[in-house]
Amino acid sequence: MSKPTWHERANSIKIDGRALINGQRVDAISGATFENISPIDGRKLGPTARCDAADVDAAVAVARAAFEDRRWAGKSPSERKRIMLKFAELMMANRDELALLETLDMGKPIKYSLSVDVPSAAKCVQWYAEAIDKVYDEIAPTNDSTLALITREPVGVVAAIVPWNYPMLMASWKIAPALAVGNSVILKPSEKSPLSALRLAEIAIEAGIPAGVFNVVPGFGHEAGSALALHNDVDCIGFTGSTRIGKKIMEYASQSNLKRVWTELGGKSPNIVCADCPNLDEAVEAAIGSIYFNQGESCNAPSRLFIEASIKDQFIAKALALMPSYLPGDPLDPKTIMGAIVDHIQLNSVMGFIESGKAEGATLLAGGNQARTETGGYYVEPTIFSNVNPGMKIAQEEIFGPVLSIFTFTDLDEAIKQANATAYGLQAGVWTSDIRKAHHAARALRVGTVHVNQYDSDDITVPFGGYKQSGNGRDKSLHALEKYTELKTTWINLA
Ligand code: NAD
C-alpha cells in the first residue's frame, strides 16, 4: 500500500485544542474557544481553548505546587536527563504528526517542518538533557575560615510566551533549559499556532515529566498572555515575540512582582556584501535563501541587503534569476520551499509594507503581489525593492514577510553606520575576502550575531539573541541556563 499523501493525512489528523493543565486536557474554565484557521487554504482546524486569567490562575497554582513539593526539581540531574532524553526521543517518534500540525497551523512547507522544526526542537531538548548532569557549581576563593558556595537554583514557576513563526522550536528554546534545571513551566503558544505546543506537552508527560510541571494555556495575548505576565506567583517570563509586546511584558512585570523578564524580540538584520566577496554566487544564494526561508517570517531574516556599488548590477541579475524557485507553493507538497503567510492580518501587514515601499519611491524589482488567491490561503510573492533610502518605512520597520530591501554603498564604514541605524540589533552578515575588513565590521556591528561569508549558521551550542531593542539574555547554549536559575551564595563559618 502506498503511503498516504500529506493532504490525506491532513484530512484525517486528530486535533485537540484543549488546554493541558496538571497533566489533563481541559476546556477553558469559561468554556470559551476560538476558531483556528489554517493559512494554507482557510480550512478550520477546530476549536481551541480560549484561556484567560482564571485558567492562568489554575495553571500557576498547579505549577507552584509541583515546584514546592519538588516532584521535578528534587530529582537528581541524571534522572531529569533520563526523562528528557525520552521526551526528545518521543518527539522524533511523533515527527510526522508534529510536523503536520506545524504546517497546518502556520503554513510553513512540510519539507521544513519535517527536516528543520521537529528535529531541531528535539535536538534542543536532547542537548539540555545531556548537559544538565555536567554543570557544576562553584566555591569562591575566600579565606581559610569561611566556605562560600555559589550555587544555581531553579527560579520556580517559569512562563514561556512564544510566537507563531517557529512555534515548536521557540517553545523548545525556553522549556528545555527551564525544565532541565528543575523549574515548573507554563507555555503560552501564539493564538495563531497553538497545536504543536499542546502535543509537545502531552509527549513530555508520556516521557515521564510529572503532571503539573509542564502546562500549556492556549489563548490570546491580551488575555492568557497578559494574565501570566501580570501574575504575582510567576517568577520568570521567557518571552519571544515582537518588540512592542516585549515592552508590555516588562511593564507588566514592573506592575506586579518584578518577575525576571527575558526577551527575544524583533529584527531588521543587515547583510553587507563587499566587492571582494569570496564567492558571489554563494553570497547571492545565501542572501535570497535566508530572506525567503520561512516566508520571510524569521526574526533574523537579512531583510536589508547592502551591496557595494561596483557589483550591484551583477548581484541583482543573479538574484532575479533565483526568484522563480521561491514562488509560493502548496505547503503540503513535499517539494514546496515557500509556503503561506500565517494569517490574513500578517498578509495585510506585509502587503501594506509593499504598498508603502512603492509609495515612498523604492524601485520594485520583483514580486509585490499576493499569490495563490484561488486556494483561500494567504500567500505573497517573494519581493525585492532596490533604491531604498534609509528613512523609508521598509528600511526601518520589521516586515516579517518575504520582502528584501537593497541599498548600495561605496564606503564600508558608511554601510556599517547605516546597518546600525535601526532600533534593532539581532544579527548581521558581512561578505569579504579581507580578514581585516571582516573583523572590523564584526566589531562595529551592534548585533548579537555576526555571520562572515555565510548567513544563518545555527547550532544549539551557540547563543542566540540580540542587542538594543532586539532583546536581552540569550537562548540556546549553556548561557540559557542563567535565565532560568537564581544564583545563591552560602557562607559557612569554618572558624
Ligand atoms: P507578538 O509579540 O505579537 O506575540 C508573541 C506572543 O506574545 C504570542 O504568544 C502572543 O499571544 C503574546 N502576546 C501578545 N500580546 C500580549 C500581551 N499584551 N501580553 C502578553 N502576551 C502577549 O509576536 P508574533 O507576531 O507572535 O511573532 C513575531 C515577532 O517575534 C517578530 O517581531 C519576530 O522578530 C519575533 N521573534 C523573535 C525571535 C528572537 O529570537 N529574537 C524569534 C522568533 C520571533
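Look a little higher up for the structure.
Residues numbered from 1 in each chain as written. Predicted model: local features only at pLDDT ≥ 70, side-chain atom pairs only at ≥ 80, totals over all residues. Heavy atoms only, no water.

**Student:** Which parts of the structure should I look at to understand the packing of helix α10 (residues 280-292) against helix α11 (residues 312-322)?
**Tutor:** Each pair of packed helices gets described by two things: the angle between the helix axes and the distance between those axes. In contact at an axis separation of 10 Å, α10 and α11 are set at 55 degrees when each is read in the N-to-C sense. It follows that α10 is oblique to α11 by the angle criterion. As α10 runs across α11, the sense of the crossing is right-handed. Packed against α10, whose contacting residues are Leu280, Asp281, Ala283, Val284, Glu285, Ala287 and Ile288, the element α11 presents Gln314, Phe315, Lys318, Ala319 and Leu322 at the interface. (Axes fitted to C-alpha atoms, helices over the stretch in contact; angles between N-to-C directions. Helix = DSSP H or I, 4+ residues; strand = E, 2+ residues; numbered from the N terminus. Parallel < 35°, antiparallel > 145°, perpendicular 65-115°, else oblique. Left-handed = near helix turned anticlockwise from the far one by under 90°. Contact = heavy atoms within 4.5 Å.)

**Student:** Could you clarify how one ought to interpret the environment of Val403 in this entry?
**Tutor:** On the secondary structure map, Val403 appears in strand β18 (residues 403-409). Considering only alpha carbons, one finds Val403 and Ala49, 354 residues apart in sequence, at a separation of 34 Å. In this structure, Val403 is in contact with Ile291, Tyr292, Ser303, Val350, Ile354, Thr383 and Phe385, ignoring residues within four places of it in sequence.

**Student:** Please explain the state of the cysteines as it appears in this structure.
**Tutor:** Put plainly, a disulfide is one covalent bond tying together the sulfur atoms of two cysteines. Using the criterion set out here, one finds 0 disulfides in the structure. In this structure Cys274 is not part of a disulfide, and its nearest cysteine sulfur, from Cys277, lies 8.3 Å away. A relative accessible area of 1% means that Cys274 is categorised as buried. (Disulfide = S-S within 2.5 Å. Buried < 20%, exposed > 50% of the residue type's maximum accessible area, 1.4 Å probe, protein only.)

**Student:** What am I meant to see in the site of the ligand here?
**Tutor:** Looking at the ligand, there are 30 residues lining it, with Val162, Lys188, Glu191, Ser242 and Glu398 nearest. One of the backbone N or O atoms of Ser226 is found 3.4 Å from a nitrogen atom in the ligand. At 2.8 Å, a backbone N or O of Leu265 approaches a nitrogen atom of the ligand. Compared with its free state, where it exposes 840 Å², the ligand has 92% of that area covered by protein. Those elements that place two or more of their residues in the shell around the ligand are α8 (221-230), β10 (236-240) and α9 (243-255). The greatest single-element share of the shell around the ligand, amounting to 4 residues, is contributed by α9. (Near = heavy atom within 4 Å. Polar contact = N/O pair within 3.5 Å; in protein donor to acceptor, adjacent residues only side chain to side chain. Areas by Shrake-Rupley, 256 points an atom, 1.4 Å probe, with all protein chains shown as cover.)

**Student:** Looking at this structure, how should I read the sheet that holds strand β17 (residues 383-386)?
**Tutor:** By definition, the strands of a sheet pair up through backbone hydrogen bonds, in either a parallel or an antiparallel sense. If you walk across this open sheet you meet the 7 strands as β14-β17-β18-β13-β12-β19-β20, and the pairing is mixed. The open sheet has two free edges, formed respectively by β14 (363-366) and β20 (449-452), since each of these has just one partner strand. The mean inter-strand angle of the sheet, taken between neighbouring strand axes irrespective of direction, is 20 degrees. On top of the sheet, α10 reaches β12 (270-273), β13 (304-308), β17, β18 and β19 (427-431); it is set at about 140 degrees to β18, its chief contact. (Pairing = 2+ DSSP bridges.)

**Student:** I tried to follow the sheet that holds strand β21 (residues 485-493) on my own but got confused; where do I start?
**Tutor:** Read across the open sheet, the 3 strands follow the order β5-β6-β21; overall the sheet is antiparallel. Two strands in the sheet have a free side with no partner beyond their single neighbour: β5 (138-139) and β21. By the bridge criterion, 9 bridges tie strand β6 (residues 146-154) to β21 in an arrangement that is antiparallel. Each bridged residue has a counterpart across the sheet, and for Thr151 the counterpart in β21 is Lys488.

**Student:** Sorry, what's going on with the pattern of salt bridges here?
**Tutor:** A pair can form between side chains of opposite charge whenever their charged atoms are brought close. For the coordinates displayed, the defined rule picks out 31 salt bridges. Between Arg18 and Asp16 there is a salt bridge; the shortest N-O distance is 2.9 Å. Given a relative accessible area of 33%, Arg18 falls into the partly exposed group. The exposure class assigned to Asp16 is partly exposed, which follows from its relative accessible area of 25%. For Lys488, the salt bridge identified is with Glu153, shortest N-O distance 3.1 Å. (Salt bridge = Lys/Arg side-chain N within 4 Å of Asp/Glu carboxyl O.)

**Student:** Got a minute to help me understand the pairing of strand β3 (residues 33-37) in this structure?
**Tutor:** Along any regular strand the residues' side chains alternate between the sheet's two faces. One ladder, built from 4 bridges, connects β3 with strand β4 (residues 44-49); its direction is antiparallel. Looking at the pairing, Ile37 lines up with Lys44 of β4. Remark: 6 residues form the turn of the hairpin made by β3 and β4, two consecutive strands paired antiparallel; Gly42 in that turn has positive phi of roughly 80 degrees.

**Student:** Is there a simple way to think about the packing of aromatic side chains in this case?
**Tutor:** The description of an aromatic ring pair rests on the distance of the ring centres and on the angle between the ring planes. Tallying each qualifying case throughout the model produces 7 aromatic pairs. With a centroid separation of 4.8 Å and 50 degrees between ring planes, the pair formed by Phe34 and Phe220 is classed as tilted. Of this pair, Phe34 sits in strand β3 while Phe220 sits in the loop between β9 (214-216) and α8, placing them 186 residues apart in sequence. Accessibility classification places Phe34 together with Phe220 in one group, the buried group. Measuring from ring centre to ring centre gives 5.0 Å for Trp127 and Tyr128, while their planes differ by 90 degrees; the resulting arrangement is edge-to-face. Of the two residues, Trp127 and Tyr128, both sit in the buried class. (Phe/Tyr/Trp six-rings, centres within 6.5 Å; stacked < 30°, edge-to-face > 60°.)

**Student:** What is the right way to read the nonpolar core from this model?
**Tutor:** Most often, soluble globular proteins keep nonpolar side chains buried together rather than apart. The biggest cluster of nonpolar side chains holds 74 residues, and the ones touching the most others in it are Met84, Phe87, Met91, Tyr128, Leu179, Ile209 and Phe214. Here this core gets 12 residues from one element, more than from any other, and that element is helix α5 (residues 110-132). Once residues lying within four places of it in the same chain are set aside, the contact partners of Phe87 are Val125, Ile175, Leu200, Ile203, Ala204, Ala207, Ile209 and Phe214. In terms of nonpolar packing, the next biggest core, distinct from the first, is built from 30 residues, Phe353, Tyr378, Ala395 and Phe407 among them. (Core = buried A, V, L, I, M, F, W, Y, C linked by side-chain atoms within 4.5 Å.)

**Student:** Looking at this structure, I do not really get helix α3 (residues 77-93). What am I missing?
**Tutor:** Count 3.6 residues to each turn of an α-helix, and residues three or four apart come out pointing the same way. With 17 residues, α3 ought to run about 24 Å at 1.5 Å a step, and its terminal C-alpha atoms sit 24 Å apart, in line with that. Within α3 the residues assigned to the buried category are Arg80, Ile83, Met84, Phe87, Ala88, Leu90 and Met91. Taken end-on, α3 shows its buried residues confined to a sector of 160 degrees, consistent with a single buried face. (Expected span 1.5 Å × (residues − 1). Arc of directions from axis to C-beta.)

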